Amino acid sequence: INKRYNDFSTWLSYSYSKNDYQFEDLNNGKSFANTLDLRHVINTSLTYNLNNLKIGFGINWHSGRPYTKPIELQNNSNSNIEYQSPNSSRLPDYFRTDISAIYNFNLSKGIKAEVGASIWNIFNQTNIINRFYTLDSDDSVIEINNRSLKFTPNFSFRLNF
């Protein structure tokens, strides 16, 4: 959905997708979620234009990505991690809010400039984007979480000639 009203523009999108795998020799032939299966995704933004200044605000949310947990009681007689059913667990939901501003101006005849600033994840949300497991030197299972960037300022300057 996209709506413009004078100097404001809004945008809202939602998607639902179910992306399953099915292999006869894995998981007793039962289907399971693809690693990239994001069931629900919502993105929304609001922009405002005032002469050469454009200000934007955006929200990104999606349901948690599937991953495979190890079983609770590991067989310590081998050096392998034993897992539950493939992708039977989900990471926590992802949520990020961003804000940005861009100012356009003429630097000289034939040269245009653009100065921009933005902040990703203005609420400093901790988002886990991937989870996997490894063994330490004592063969104990260690959980590794990959996290997205937290509060992240960005600045830019562009010349067009």
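What counts, and at which threshold
Residues numbered from 1 in each chain as written. Predicted model: local features only at pLDDT ≥ 70, side-chain atom pairs only at ≥ 80, totals over all residues. Heavy atoms only, no water. Pairing = 2+ DSSP bridges. Helix = DSSP H or I, 4+ residues; strand = E, 2+ residues; numbered from the N terminus. Phe/Tyr/Trp six-rings, centres within 6.5 Å; stacked < 30°, edge-to-face > 60°. Lys NZ or Arg CZ within 6 Å of the ring centre and 35° of its normal. Axes fitted to C-alpha atoms, helices over the stretch in contact; angles between N-to-C directions. Buried < 20%, exposed > 50% of the residue type's maximum accessible area, 1.4 Å probe, protein only. Polar contact = N/O pair within 3.5 Å; in protein donor to acceptor, adjacent residues only side chain to side chain.

**Examining the pairing of strand S9 (residues 94–108)**
In step 1: Where strand S6 (residues 53–62) and S9 come together, 10 bridges link them in antiparallel fashion. Along S9, the bridge assignment pairs Lys54 with Ile102.
In step 2: Here S9 pairs with strand S10 (residues 111–120) via 9 bridges, running antiparallel. Counterpart to Asn106 in the pairing with S10 is Lys112.

**A closer look at the packing of aromatic side chains**
In step 1: Counted according to the given criterion, the structure contains 6 aromatic pairs.
In step 2: An aromatic cluster of at least three residues, connected via ring pairs, comprises Tyr21, Phe23 and Phe32.
In step 3: Lying over the aromatic face of Trp120, Arg96 brings its terminal NZ or CZ to 5.2 Å of the ring centre.

**Quick word on the sheet that holds strand S2 (residues 8–16)**
In step 1: As summarised here, the arrangement of the 7 strands in space is S1-S2-S5-S6-S9-S10-S13, forming an open sheet in which the pairing is antiparallel. In the strand order of this sheet, the two ends are held by strand S1 (2–5) and strand S13 (152–160), each with one partner. Adjacent strand axes in the sheet meet at a mean angle of 10°, parallel and antiparallel pairs treated alike.
In step 2: Pairing geometry for S2 and strand S5 (residues 40–50), over 9 bridges, is antiparallel. Bridge pairing in S5 links Tyr16 to His40.

**What about the environment of Thr44?**
In step 1: Tracing the chain through its elements places Thr44 in strand S5.
In step 2: In this structure Thr44 comes out as partly exposed when scored by relative accessible area, which is 28%.
In step 3: A polar contact of 2.9 Å, which involves the side chain of Thr44, links it to the backbone oxygen of Trp11.

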